[in-house]
Amino acid sequence: MARNESNPPFDWQAWYGACGGRVDHTPGASEIVAEIYTKQSLEFQGPAAEERTPFDTAEQAARFVKTAARAAGAAAVGITRIEPSDIYHGRTVSETYAIAIGQRMRWKHFQTVPSIDSGVECCRVYQDLGEICISVARALRDRGFPARVEDPVGDSDLMHVPIALRAGFGELGRHGSIIHPELGPLFRLGTVVTDLPMTCDSPVDIGIAAFCDRCKACRKFCPADAIPDDRDPRAGIDPIGKPRYVIDTGRCFPYFARQHYCSVCLAVCTYKHKVWARDLGGAQTKLRPQTVLADPPPTVDPDPPAKVHDYPRFKVLYNRKHPDRERPA
Ligand code: SF4
Ligand code: SF4
């Protein structure tokens, strides 16, 4: 059940390094990310109890998992079978089921985007997600069922977004992130994988993606001009049968890396629920964030990449910056 050790993990640090560093620009986030990598990730795997306490039905197993996730603080949880297309090129995942877990980001930290405050909140939520995922995986292992966490923030074998879409989390927005009917777009994802048979959830079609075809708020505000006008049938269809909007990651990523994980498209999204503007803890909040549209850095890959992590311009850029280092895969 381990990941494929023959393939080196994607070199996220080098990738961010080519854009000027991941957390260097966001004081306060560095410590959180370092803790995730050096401490929290050690808990992502572990041995299952020798004695197994079975479930009577797949439905009972699903209920157990969802209860464990909610008890650990998850804002959303769903279950789906893992499809080959969920797995990153060059990796293997032997488990059958994925438990998608979502945690909300607090609106009071997105009053100005991009900002150090919003960047730190992104990382804090990833750390929180890690703890929730660890709790769920541990609950399964304690009952004798192997389970492990797919890293929410860094080196995952699986793509969290298609998994969460099939697990009923909402619909894919024009900005490439999921819009959840209750949480809106301001949440982050983690995944736990296991072979325990569980009743699966289904994708939902409640008109969010159709609304995106008429709304272009994120398209207009994206400082890197990375969000498209039209859907692109060449990129395949989403779980409710719509061609996808393809985000130009070569434009988005350098801005995202340098500007505190950007988040402009999430904060300006029309589906950012108004109820959040009342916010928590008495903080003063507003319906619309203040957007700081700094000039974007040079693009990394001006064409939509053919496949995830295939960024030819990035490799050129990386080689130029690090002529003495081996290029990341
Ligand atoms: S994260 Fe920022 S740069 Fe990337 S698509 Fe969203 S608004 Fe554009
Ligand atoms: S801002 Fe509008 S177009 Fe963009 S994802 Fe949100 S609802 Fe869809």
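Everything numeric here is computed off the predicted structure, so don't read it as measured data.

Analysis parameters
- Residues numbered from 1 in each chain as written.
- Chains lettered and ligands numbered in written order.
- Predicted model: local features only at pLDDT ≥ 70, side-chain atom pairs only at ≥ 80, totals over all residues.
- Helix = DSSP H or I, 4+ residues; strand = E, 2+ residues; numbered from the N terminus.
- Buried ≥ 20, exposed ≤ 12 C-beta atoms within 10 Å, placed from the backbone.
- Contact = placed C-beta atoms within 7 Å.
- Near = placed C-beta within 6 Å.
- Nonpolar A, V, L, I, M, F, W, Y, C, P; charged D, E, K, R; others polar.
- Core = buried A, V, L, I, M, F, W, Y, C linked by C-beta atoms within 7 Å.
- Axes fitted to C-alpha atoms, helices over the stretch in contact; angles between N-to-C directions.
- Left-handed = near helix turned anticlockwise from the far one by under 90°.
- Pairing = 2+ DSSP bridges.
- pLDDT = per-residue confidence, 0-100.
- Parallel < 35°, antiparallel > 145°, perpendicular 65-115°, else oblique.

Some thoughts on the overall build of the protein chain
Line of reasoning, step 1. Of the regular secondary structure elements, the protein chain holds 10 helices and 10 strands.
Line of reasoning, step 2. The buried share among the 329 residues of the protein chain stands at 46%.
Line of reasoning, step 3. Restricting the contact set of the protein chain to residue pairs at least 6 apart, pairs at least 24 apart contribute 77%.

So, helix 8 (residues 249–258)
Line of reasoning, step 1. With 10 of its 10 residues buried, helix 8 lies for the most part within the structure.
Line of reasoning, step 2. Taken together, the buried positions of helix 8 are Thr 249, Gly 250, Arg 251, Cys 252, Phe 253, Pro 254, Tyr 255, Phe 256, Ala 257 and Arg 258.

Remarks on the site of ligand 2
Line of reasoning, step 1. The environment of ligand 2 is made up of Gly 173, Arg 174, His 175, Phe 211, Cys 212, Cys 215, Lys 216, Ala 217, Cys 218, Cys 269, Thr 270 and Tyr 271.
Line of reasoning, step 2. Of all the secondary-structure elements, those providing two or more residues to the shell around ligand 2 are helix 6 (208–212) and helix 7 (217–221).
Line of reasoning, step 3. Grouping the amino acids of the shell around ligand 2 by side-chain chemistry returns 7 nonpolar, 3 polar and 2 charged.

Some thoughts on the nonpolar core
Line of reasoning, step 1. Counting 84 residues, the largest nonpolar core has Ile 99, Ala 100, Ile 101 and Val 136 as its most contacted members.
Line of reasoning, step 2. The biggest single contributor to this core is helix 4 (residues 116–142), with 12 residues.
Line of reasoning, step 3. If near-sequence neighbours (up to four positions away) are discounted, Ala 100 is found in contact with Val 77, Gly 78, Thr 80, Ile 163, Ala 164, Ala 167, Phe 169, Leu 189 and Thr 191.

Thoughts on unusual backbone geometry
Line of reasoning, step 1. With omega at -10°, the peptide bond leading from Val 113 into Pro 114 counts as cis.
Line of reasoning, step 2. Within the element layout of this structure, Pro 114 appears in the loop between strand 3 (112–113) and helix 4.
Line of reasoning, step 3. In this model, His 260 sits at a positive phi of 50°, which is unusual for a non-glycine residue.
Line of reasoning, step 4. By the secondary structure assignment, His 260 is in the loop between helix 8 and helix 9 (264–267).
Line of reasoning, step 5. The backbone of Tyr 261 shows a phi angle near 60°, a positive value even though the residue is not glycine.
Line of reasoning, step 6. As for its position among the elements, Tyr 261 is in the loop between helix 8 and helix 9.
Line of reasoning, step 7. Judged by the 24 C-beta atoms lying within 10 Å of it, Tyr 261 is buried.

Brief notes about the packing of helix 3 (residues 58–71) against helix 4
Line of reasoning, step 1. In contact at an axis separation of 9 Å, helix 3 and helix 4 are set at 145° when each is read in the N-to-C sense. For the pair helix 3 and helix 4, the sense of crossing is right-handed. For the pair helix 3 and helix 4, the contacting residues are Val 65, Ala 68 and Ala 69 in the first and Ile 132, Ser 135, Val 136 and Ala 139 in the second.
Line of reasoning, step 2. Classifying every residue of the contact of helix 3 with helix 4 by side-chain character gives 6 nonpolar, 1 polar and no charged.

Notes on the pairing of strand 2 (residues 97–104)
Line of reasoning, step 1. Counted residue by residue, strand 2 has 7 buried out of 8 residues, so it is predominantly covered.
Line of reasoning, step 2. Both strand 1 (residues 76–81) and strand 2 contribute to a ladder of 6 bridges, which runs antiparallel. Bridge assignment links Ile 79 to a residue of strand 2, and that residue is Ile 99.
Line of reasoning, step 3. Strand direction decides the pairing type here: strand 2 and strand 7 (residues 187–194), joined by 8 bridges, are antiparallel. Within strand 7, the position partnered with Ala 98 by the bridge is Val 193.

Looking at the site of ligand 1
Line of reasoning, step 1. Near ligand 1, the surroundings consist of 13 residues, among which Cys 222, Ala 224, Cys 252, Cys 262 and Cys 265 are the closest.
Line of reasoning, step 2. Secondary-structure elements contributing two or more residues to the shell around ligand 1 are helix 8 and helix 9.
Line of reasoning, step 3. The element best represented in the shell around ligand 1 is helix 8, accounting for 3 residues.
Line of reasoning, step 4. Residue classes in the shell around ligand 1 are distributed as 12 nonpolar, 1 polar and no charged.

Examining the confidence of the model for the protein chain
The predicted coordinates ought not to be read in detail in places where the model reports low pLDDT.
Line of reasoning, step 1. Scored by pLDDT, the protein chain has a mean of 86; 82% of the residues are at 70 or more.
Line of reasoning, step 2. Every residue in residues 1–7 is under pLDDT 50, and counting partners more than four places away or in other chains gives 12 contacts.
Line of reasoning, step 3. Low pLDDT, under 50, characterises residues 306–315; the stretch is placed with 18 contacts to residues that sit more than four places away or in other chains.

What about the pairing of strand 8 (residues 232–237)?
Line of reasoning, step 1. Within strand 8, only 0 of the 6 residues are buried, leaving the element largely exposed.
Line of reasoning, step 2. Relative to strand 9 (residues 243–244), strand 8 is paired through 2 bridges, and the arrangement is antiparallel. Bridged to Ile 237 within strand 9 is Pro 243.
Line of reasoning, step 3. From the end of strand 8 to the start of strand 9, which pair antiparallel, there are 5 residues, and Gly 241 there has a positive phi angle of about 90°.

A closer look at the packing of helix 2 (residues 29–38) against helix 4
In a pair of packed helices, the angle between the axes and the distance between the axes together describe the arrangement.
Line of reasoning, step 1. At a minimum axis separation of 9 Å, helix 2 and helix 4 run at an interaxial angle of 20°. Taken together, the axes of helix 2 and helix 4 lie roughly parallel to each other. As for the relative orientation of helix 2 and helix 4, their crossing is left-handed in sense. Where helix 2 abuts helix 4, its residues Ala 29, Ile 32, Val 33, Glu 35 and Ile 36 lie against Gly 119, Val 120, Cys 123, Arg 124, Tyr 126, Gln 127 and Gly 130.

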